[in-house]
Amino acid sequence: MNRVRSGWATRSGFYMAAIGSAFGLGNLWRFPFVVGSNEGGAFVLLFVLCVLGVGLPVLVGELMLGKLTGQSAVNAIQKTSKDRKSHWLWVGRLSLLASVLIFAYYSVISGWVLYFLMQFLVAPIKGESFDTAVLFKRLMENGHLQLGLTSVHIVLVMTIVAKGVREGIEKWVKVTMPIFFVLLLFLMTKSLSLPGSERAIRFLFYPDFEKLTLTSFVQVLGHTFFTLSVGMGAMVAFGSYLQKETPTPRAGFMVSGLDILISLLAGLVIFPIVFSGTVEAEVGPSLLFETVPLLFSQMGLGNYFGFTFFLCLYTTALVASFGLLEASVSNLVDRYNFQRGRASQIMGVVVFIFAILPSLSSSVLQNVTFQGLSLLKMFDALLINWILPISAAGICLLVGYKLPEKTVRDEFVDERLVDSHQLYGLWRFTLRWLAPFLIFGALVAELFDIKS
Ligand code: PFF
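Bear in mind that the values here come from a model prediction, so they are computed numbers and not experimental data. Every chain begins its residue count from 1, and numbering advances along the sequence as written. With pLDDT at 70 or above as the cut-off, local features in this predicted model cover only qualifying residues; side-chain atom pairs require 80 or more to be listed or tallied, and sums for whole chains, interfaces and linings still use all residues. Side-chain metrics rest on all non-hydrogen atoms present in the structure, leaving aside hydrogens and water.

(A) Seen up close, the overall build of the chain. Looking only at helices and strands, the chain has 18 helices and zero strands in total. For this measure, only C-alpha atoms enter the radius of gyration; the expected value for a globule follows 2.2 Å times N^0.38, where N is the number of residues. Relative to the 2.2 N^0.38 estimate, which gives 22 Å for 452 residues, the radius of gyration of the chain is 21 Å and therefore close to what a compact globule would have. Each of the three principal axes of the chain carries a C-alpha extent, and together these read 60 × 50 × 45 Å. Per-residue burial for the chain yields a buried fraction of 60% across its 452 residues. Intrachain contacts of the chain at a sequence separation of at least 6 include 83% that bridge at least 24 residues. Accessible surface is estimated by sampling points in the Shrake-Rupley manner with a 1.4 Å probe; for residues, cover comes only from the protein chains shown. When the accessible surface of the chain is totalled, it reaches about 18,400 Å², and 65% of it is carbon and sulfur. As used throughout, the charge tally considers Lys and Arg to be positive and Asp and Glu to be negative, leaving His and the chain termini uncounted. Where a charge lies is defined by one atom per residue type: Lys uses NZ, Arg uses CZ, Asp uses CG and Glu uses CD. Here the chain holds 34 positive side-chain charges and 27 negative ones, and the gap between their average locations is 10 Å. Only DSSP runs of H or I covering at least 4 residues are called helices, and only runs of E covering at least 2 are called strands; the numbering of each starts at the N terminus. When a residue's accessible area, from a 1.4 Å probe over protein chains only, is under 20% of the maximum for its type it is buried; when over 50% it is exposed; and in between it is partly exposed. We call two residues in contact when some of their heavy atoms are within 4.5 Å.

(B) A look at the site of the ligand. Only a single heavy atom is needed: when it lies within 4 Å of a molecule or strand, its residue is near that molecule or strand. Residues in contact with the ligand amount to 15 residues; listed here are only the nearest, Gly26, Tyr106, Phe226, Ser229 and Ala234. Nitrogen and oxygen atoms within 3.5 Å of one another constitute a polar contact, given that in protein one can donate a hydrogen and the other can accept it, and given that sequence-neighbouring residues count only through two side-chain atoms. One of the backbone N or O atoms of Ser21 is found 3.2 Å from a nitrogen atom in the ligand. Backbone polar atom of Gly26 to an oxygen atom of the ligand: 2.7 Å apart, as the coordinates give it. Here the ligand, which alone exposes 330 Å², has 100% of that area covered by the protein. A pocket, in this scheme, is an open set of points on a 1 Å grid over the protein atoms alone with protein on both sides within 12 Å along at least 5 of 7 lines, while a cavity is a set where a 1.4 Å probe fits but cannot get out; residues line either one if an atom lies within 4 Å of a point. Assignment to a cavity or pocket requires that more than half of a molecule's atoms be within 2 Å of the site's grid points. The cavity that encloses the ligand is the largest cavity. At the level of elements, α1 (11-22), α2 (25-37), α10 (214-228) and α14 (302-336) are the ones that each hand at least two residues to the shell around the ligand.

(C) Highlighting the nonpolar core. Definition used in this section: a nonpolar core is a set of buried Ala, Val, Leu, Ile, Met, Phe, Trp, Tyr and Cys residues joined via side-chain atoms within 4.5 Å. Counting residues in hydrophobic clusters, the biggest one holds 151 residues, and the most contacted among them are Trp112, Phe309 and Phe310. The element contributing the most residues to this core is helix α5 (residues 89-126), with 20 residues. Among residues more than four places away in sequence, those in contact with Phe310 are Val113, Phe116, Leu117, Phe120, Phe289, Pro293 and Phe296.

(D) Quick look at empty space enclosed by the protein. Grid points are joined across faces, edges and corners, and a volume is the space filled by probe spheres set on the points. The final tally for this structure, using the stated rule, is two cavities of 30 Å³ or more. Its boundaries defined by the atoms lining it, the largest cavity holds a volume of some 120 Å³. Along the wall of the largest cavity there are 14 residues; nearest its centre are Ser21, Phe226, Ser229, Ala320 and Leu324. Per-element tally for the lining of the largest cavity: the top contributor is α14, with three residues. For the lining of the largest cavity, the class distribution of residues is eight nonpolar, six polar and no charged. Under the scheme applied, nonpolar residues are Ala, Val, Leu, Ile, Met, Phe, Trp, Tyr, Cys and Pro; charged residues are Asp, Glu, Lys and Arg; polar residues are all the others, including Gly.

(E) View of a nonpolar patch on the surface. Residues Tyr401, Phe429, Trp433, Leu434, Phe437 and Leu438 make up a contiguous nonpolar surface patch of roughly 640 Å² in combined accessible area. Among the elements that line the nonpolar patch, the one with the most residues is helix α18 (residues 420-451), at five residues. Tracing the sequence through the fold places Phe437 in helix α18. Among the residues examined, Phe437 registers a relative accessible area of 64% and is labelled exposed. To count toward a patch, a residue needs a relative accessible area over 30% and no salt bridge; like charges are then connected within 9 Å, while nonpolar side chains (Val, Leu, Ile, Met, Phe, Trp, Tyr) are connected within 5 Å. By definition, a salt bridge exists where a carboxyl oxygen of Asp or Glu is found within 4 Å of a side-chain nitrogen of Lys or Arg.

(F) Local environment of the environment of Ala392. Within the fold, Ala392 resides in helix α16 (residues 375-401). Residues Ala392 and Pro436 lie 44 residues apart in sequence; the distance between their C-alpha atoms is 8.4 Å. Look past the residues within four positions of Ala392 in its chain and what remains in contact with it is Val58, Phe225, Gly231 and Ile439.

(G) Focus on the pattern of salt bridges. Per the counting criterion, the structure on display carries nine salt bridges. Linking Glu141 and Lys137 is a salt bridge whose minimum nitrogen-to-oxygen distance equals 3.2 Å. You can see Glu141 and its partner Lys137 sitting in helix α6 (residues 132-141), four residues apart, about one turn around the helix. Across this residue pair, the class does not change: Glu141 and Lys137 are exposed. The partner of Arg428 in a salt bridge is Glu405, with the nearest N and O atoms 3.5 Å apart. With Arg428 in helix α18 and Glu405 in helix α17 (residues 405-412), this residue pair connects regions lying 23 residues apart in the sequence. Taken together, the shared-partner salt bridges in this structure form one network comprising Glu405, Arg409 and Arg428.

(H) Geometry of the packing of α5 against helix α15 (residues 340-359). Structural elements are reduced to axes, namely lines fitted to C-alpha atoms, with helices fitted over the stretch in contact, and the angle between N-to-C directions of any two is expressed from 0 to 180 degrees. Where α5 meets α15, the axes come as close as 8 Å, and the angle between the chain directions of the two elements is 60°. One way to sum up the angle between α5 and α15 is to call them oblique. As α5 runs across α15, the sense of the crossing is right-handed. Where α5 approaches α15, its residues Val100, Leu101, Phe103, Ala104, Tyr105, Ser107 and Val108 are matched on the opposing element by Met347, Val350, Val351, Phe354, Ala355, Pro358 and Ser359. Considering only residue class, the contact of α5 with α15 consists of twelve nonpolar, two polar and no charged. Working definition: roughly parallel below 35 degrees, roughly antiparallel above 145 degrees, roughly perpendicular at 65 to 115 degrees, and oblique for all remaining angles. By convention, the crossing between two helices is left-handed when the near helix turns anticlockwise from the far helix through less than a right angle, and right-handed when the turn is clockwise.

(I) Quick look at the packing of aromatic side chains. Side-chain rings of Phe, Tyr and Trp, where Trp is taken by its six-membered ring, are said to pair if the distance between their centres is within 6.5 Å; with planes under 30 degrees apart they count as stacked, over 60 as edge-to-face, and otherwise as tilted. Evaluation of the coordinates by the stated rule reveals 24 aromatic pairs. With centroids separated by 6.4 Å and ring planes inclined at 20°, the aromatic side chains of Phe289 and Phe310 adopt a geometry described as stacked. Of this pair, Phe289 sits in helix α13 (residues 287-297) while Phe310 sits in helix α14, and the two are 21 residues apart along the sequence. We note that Phe289, like Phe310, is buried. Pairwise contacts between aromatic rings join Phe23, Trp112, Tyr115, Phe116, Phe120, Phe136, Phe180, Phe289, Phe296, Phe309 and Phe310 into one cluster. Over the face of the ring belonging to Trp90 we find Arg93, whose NZ or CZ atom lies 4.5 Å from the ring centre. A ring is considered to have a charge above it if a Lys NZ or an Arg CZ atom is located within 6 Å of its centre and within 35 degrees of its normal. Of note, Arg202 hangs over the ring of Tyr206, and the distance from its end group to the ring centre comes to 4.4 Å.

(J) Structural detail: helix α12 (residues 248-275). Given the number of residues in a helix, its expected span is that number minus one, multiplied by 1.5 Å. In a regular helix each residue adds 1.5 Å, so 28 residues correspond to 40 Å; α12 covers 40 Å between its end C-alpha atoms and thus fits that length. Of all 28 residues in α12, 20 are buried, a share of seventy percent or more. Gly277, located one to two residues past α12, shows a positive phi value of around 80°.

(K) Here's a closer look at the packing of α6 against helix α7 (residues 143-162). Relative orientation of the contacting elements α6 and α7 amounts to 85°, with a least axis distance of 5 Å. In terms of axis orientation, α6 runs roughly perpendicular to α7. Across the interface between the two elements, Leu139, Met140 and Glu141 of α6 pack against Gly143, Leu145, Gln146 and Leu149 of α7. Across the contact of α6 with α7, the residue classes break down as four nonpolar, two polar and one charged.

No statement about biological role is implied by the geometric values presented.
Structure, rendered in structure tokens:
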């Protein structure tokens, strides 16, 4: 299988971009509220096991698919199955659909982050602080504002992706990622000094398995794929830019490890605030916005810290969004010979159309619900708990059964490492049997749960 495109300028550039794609709102915004709604410890443990046992193998599989074919998702699958009409192409199409719809809903939340960023920017100028809960409520009631912020985000991402992978992503991530990490560590120490910290630590790390429900399993799988950016073709596209020398298993391992670390860090920042009793936070999409700003209001130079936090958070959302848009843009470029700029514009418009529904879901369309879920929550549940696991299972089976065994083994095994052959066996078993079995098992359990 030959490679047809240029690689990342540096290996660290790729690592940073892949980590940047994985590290985003999924860790800071979504992880805490799914942990909260699944009652803590047992879910957290399940999450860590799931990332290492299922997410990591799928991530390595996706990267490998891209690297070995040098193509984005649909083309990579076509090349692998050697048939233009193969049924496997549906896996690629599903992952593309997921990337477009998830980008639409991701842009809405990125718009919320932009809003808080602006508030923290003007607060020192106005010389006043604000009530976070009131602010959030006002934003939720204003659909036009949400739609406006969503489009600002989409246009920004579109413009940067149009400029190309290297230039767009590499420079950006290298600067902001370390700043954010240090800031999160600092916030964690602040948060852990609150009176609720002991209860928060117990909540996060003491596994009480009775708290898990059937739905928890599908939720943990969906969140794992979401947070690692798999099942959407993004990592196939990133893998296709990988240089020959960069080992995919190591890349996958780094991304997964860091992703777990940042998610736990986010939990340790948010839950002590919840348990300190100073805020009536709802365990849902508003959790991050109703808790973290409170820390800033209690510290000196709080507005500046708040601004830096939301600037870093917005940057991670932006960088993660590159991956989401890159998946479909690289597909148009590879498959239909579109120019990168044109492809970005087309996909930007498509994404904007899909984003209209979730951005109006708490205002004009607040009465449109399904089983009590608003449109935004419905987007979230359908995409992350259903479409992503199905698409990830397809990728597992494709890599496990259709990629030539020798090529895959040569790519995976590193003779310098003692356990490499055993790891390869385990990885292959996971892709061929374990992961598909767990995914379909969880989906069936979820179906029964919905019906009962
Ligand atoms: N993994 C990102 C997050 O945790 O926020 C979300 C994401 C980014 C998913 C990029 C897919 C993707 F291609």
